[in-house]
Structure formats: structure tokens, C-alpha cells
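Listed below are the residues making up each chain.
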Amino acid sequence: MTQQKEENLTQQIDKELATIDSLLRNETFANEIAEAQNRAYYVGVGETPMPLLSPGEDTATVNVKLKDEKIATNLAGFYALECGLGAVCAQTNQKPTDFLQTLVDNKADSTTVLLLNRFANATWKASQPFRGLARIKRPIFCIASLLPEDEARKDYDQIRAAAATLLTMMQSVRNDTAEDQFRKLRSLLQDEQLAADIARFQEAAYYAAQQKPAPPFLTSEDEQAIVTKSVKEQKVATNVAGFYALECGLNYLVTTQHKLPSTLLKAVSSDSISQKEKQLFCRFANAMWKAGQPFRGLNRITRATFAPFYFLSEADIEKDWVQIKAAAGEVLKTL
């Protein structure tokens, strides 16, 4: 490729990424794509699409435990690690504990760090609209490649903190097979008390990295407190996850392959993308879904489908792919 063509490609990539970046902070687009994702879900499972909101839900509210929300907020880094770990181990045939040791020893290569940071950005994004849709309008809610370096460092600090915690919890299976280790990981993922413990560790690690004293994780008042949420915002948050999964996977591939976002989006929409790339998008979708579940109720993590990607059925993966494809179609309309 000539230098002029390379410069033109770079300019077009930047232009398309800027458009996608603006969509992330557009509340109207969030509502529209949530509607589209909701329709795609019903079509994907062979049912007649239902409206995103039932009559009256646009103004209705729901009570949520403050404790559950705080735990959910601080689990994002752990779910990012778990999903990133699965992706890397599938590529390298490493056992989970060997990969975790690499992270704890700070010996991960730059490609691995980039992928893990993208997963961390993804799960953080998934959590924001559950806390309030207005949070997506902040400047920091941007495509990952535009994140300031200090914010990317915070993400990786959370990944490494989660890795240290998880490696300790996996010691009993350190010499077992990879499948046995993923089975252990599944049991850890579905443990509510463990989720609360990990959330507390993650928050303490966050403050330690910022060289600040950590406040109490949950006060006695927090344990009993209830917060009121908009039903509409909760439904938008649930259904917009596929868009965020698409955006984070897309940004990773654009960064590593230097391809036009529109080129990749067309390949997603037409099912002509490689199997490896398709699976990567589906792993991002799984990370988003996991990050959102405890916001809807911590007991949702105890379900059988709340498991490592390693154990997901083809049908489960295909449901996520339908969501990714639907999001790609909506984004393509804007480019």
C-alpha cells in the first residue's frame, strides 16, 4: 500500500471510529438500538417480537438492593478477567492457572494486555447504564482506543488484582486438567458469597492502586438500603449490551488489523467474518451479559448458564451472535 493510500485509510478509520464514539454517548441511539436488540432476541429464539416496554413501563420504577448494585459494580474487572482468560487459553492451550500466574508475575505480552483491557472496558461499559443511563453521556464513556493512558492503566490494575485473587482460589486444582480448572471456575462464578468477597477485594485494590485509603465496602445501612431505578433504563441497559460488545470487539480488531470499521461490520452482518473473529465477538457478548446479571439481582449468577464460555452450547453462542449481527446492522446505517 502506498503512503497516500495508507494515510487515506487511517483518516477514514478515524472518521468512522469518531462516529461510533459519538453513538456511545447518544441516549436516543441507546434507546433505539435497545429496541432493535430486543426485536433481534425474539427473532433469534423463533418468537414473535414483543415491545421493549409494556404499557406504563416508560414511567415505572423498580426497587433494587444497594448491596447488589455495589457488588455488581465492583465485579466488572473479575468478569473481564474470566472472559479474557477463556479467550487467551483457547488460543494458546494454556491452563487457566498458568495464564493467571503470567498475569500475577506481570509477564503478559502487549497483545494480551490489549485484549484484557478491551474486556475490562467492555464490562465497565455494560455496568454504567444500570447505574443510570445519564452515565453514558460522560466524556470517559468512549471507544477504548481513545481512553487516556491512566484510565487504561486502572483497567489493567483491576485485571491483575482479580488475577491474584482468582489464582489463590484455584490453588486446589492447579495440577488438574484445563477442563477440571474450568469446572472449578464455573463453581466460583456461581457462588454469591464469593462474588461479594471478590467485589470487596476489587474495590480495595482500586483504592490501593490510587494510593488512597479504602472506605468500608458495605456499611450496616448499605446492607439494608434500597435504591429506586427506572424500569425503562433497566430494560435499555439490559438490551444495549450487544451494541457495547460489538463496539469493544470491533475496536480491538480495528486496532490490531488496521481495517475499516465498516468493512468489519459488513463482514459481521453478512456472516462472512472468520470463525475466530466471530467467536471473539461472542466472547465480548458473554462478558457484557455476565456484567449485567448481578445488577438485575445477585441470585442470577447462580443459574447454570452463568458459566465460562468453555461450557456454552452452540445454541447459547448463536443467541449472542444474533445480537452482535443486529447491532452491526444498526451501526452500519450511521456510517
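Residues numbered from 1 in each chain as written. Predicted model: local features only at pLDDT ≥ 70, side-chain atom pairs only at ≥ 80, totals over all residues. Heavy atoms only, no water.

*Asks:* Could you give me a rundown of the overall build of the protein chain, with the residues and numbers involved?
*Replies:* When helices and strands are counted, the protein chain shows 15 helices and two strands. Taken against the 2.2 N^0.38 rule, which gives 20 Å for 335 residues, the C-alpha radius of gyration of the protein chain at 19 Å falls within 12% of a compact globule. Of all 335 residues assigned to the protein chain, the portion counted as buried reaches 49%. Counting contacts in the protein chain only where the partners sit at least 6 residues apart, residues at least 24 apart contribute 80% of the total. Accessible area for the protein chain stands at about 15,200 Å²; split by element, carbon and sulfur atoms hold 49% of it. (Helix = DSSP H or I, 4+ residues; strand = E, 2+ residues; numbered from the N terminus. Rg over C-alpha atoms; globule rule 2.2 N^0.38 Å. Buried < 20%, exposed > 50% of the residue type's maximum accessible area, 1.4 Å probe, protein only. Contact = heavy atoms within 4.5 Å. Areas by Shrake-Rupley, 256 points an atom, 1.4 Å probe, with all protein chains shown as cover.)

*Asks:* Summarise the packing of helix H14 (residues 275-292) against helix H15 (residues 314-332); cite the residues concerned and give the values.
*Replies:* Here H14 crosses H15 at 95 degrees, and the two axes come no closer than 9 Å. As summarised for this structure, H14 and H15 are arranged roughly perpendicular, according to the angle between their axes. The residues of H15 that touch H14, namely those facing Lys-278, Phe-281, Cys-282, Ala-285 and Asn-286, are Ile-317, Glu-318, Asp-320, Trp-321 and Ile-324. Counted by class, the contact of H14 with H15 contains six nonpolar, one polar and three charged residues. (Axes fitted to C-alpha atoms, helices over the stretch in contact; angles between N-to-C directions. Parallel < 35°, antiparallel > 145°, perpendicular 65-115°, else oblique. Nonpolar A, V, L, I, M, F, W, Y, C, P; charged D, E, K, R; others polar.)

*Asks:* I'd like a rundown of the environment of Ala-326, residues and numbers included.
*Replies:* Tracing the sequence through the fold places Ala-326 in helix H15. Separated by 198 residues in sequence, Ala-326 and Gln-128 have C-alpha atoms that sit 21 Å apart.

*Asks:* I'd love a proper account of the state of the cysteines, names of residues and values included.
*Replies:* Tallied over the full model, the rule gives zero disulfides. The structure places no disulfide on Cys-248, whose sulfur is separated from the nearest cysteine sulfur, that of Cys-142, by 10 Å. Among the cysteines around Cys-282, which has no disulfide bond, Cys-83 carries the closest sulfur, lying 12 Å off. (Disulfide = S-S within 2.5 Å.)

*Asks:* Any chance you could break down helix H1 (residues 3-24) for me, citing the residues and the numbers?
*Replies:* The end-to-end C-alpha separation of H1 is 32 Å, in line with the 32 Å expected for 22 residues at 1.5 Å each. Looking only at H1, the buried set comprises Leu-9, Ile-13, Glu-16, Leu-17, Ile-20, Asp-21, Leu-23 and Leu-24. The buried residues of H1 occupy one face: seen down the axis, they fall within an arc of 150 degrees. Across from the buried face of H1, at angles greater than 90 degrees, the exposed residues are Gln-3, Gln-11 and Lys-15. If you follow the buried residues of H1, they end up packed against helix H2 (27-44), helix H6 (110-131), helix H12 (241-257), helix H13 (261-269) and H15. (Expected span 1.5 Å × (residues − 1). Arc of directions from axis to C-beta.)

*Asks:* Account for the environment of Val-322, naming residues and giving values.
*Replies:* Along the chain, the position of Val-322 falls in helix H15. Among the residues examined, Val-322 registers a relative accessible area of 24% and is labelled partly exposed. Distance from Val-322 to Tyr-41, taken between C-alpha atoms, is 7.3 Å for residues 281 residues apart in sequence.

*Asks:* Please set out the pattern of salt bridges residue by residue, giving values where relevant.
*Replies:* Under the criterion given, the structure shown has 16 salt bridges. Residues Lys-290 and Glu-82 are paired through a salt bridge, measuring 3.0 Å at the closest nitrogen-oxygen approach. Pair noted here: Lys-290 is in helix H14 and Glu-82 is in helix H4 (residues 76-92), with a separation of 208 residues, a long-range link. Owing to a relative accessible area of 0%, Lys-290 belongs among the buried residues under this scheme. (Salt bridge = Lys/Arg side-chain N within 4 Å of Asp/Glu carboxyl O.)

*Asks:* Tell me about the packing of H2 against H15, and please be specific about residues and values.
*Replies:* Their axes nearest at 9 Å, the elements H2 and H15 cross at an angle of 140 degrees. Overall, the two elements H2 and H15 adopt an arrangement that is oblique. Viewed along their axes, H2 and H15 form a crossing whose handedness is right-handed. Contacts from Phe-29, Ile-33, Ala-36, Gln-37, Ala-40, Tyr-41 and Gly-44 of H2 reach H15 at Val-322, Gln-323, Ala-326, Ala-327, Glu-330 and Val-331. The class makeup of the residues in the contact of H2 with H15 is nine nonpolar, three polar and one charged. (Left-handed = near helix turned anticlockwise from the far one by under 90°.)

*Asks:* Give a detailed account of the nonpolar core, specifying residues and quantitative values.
*Replies:* Core analysis: the biggest nonpolar cluster contains 92 residues, and Leu-103, Leu-166, Phe-243 and Phe-281 have the highest contact counts within it. It is H12 that contributes the most residues to this core, 10 residues altogether. Beyond its immediate chain neighbours, meaning those up to four positions away, Phe-281 contacts Ala-245, Leu-246, Gly-249, Leu-250, Leu-253, Val-268, Ile-273, Trp-321 and Ile-324. (Core = buried A, V, L, I, M, F, W, Y, C linked by side-chain atoms within 4.5 Å.)

Everything listed here is a matter of geometry and, on its own, says nothing about what the molecule does.
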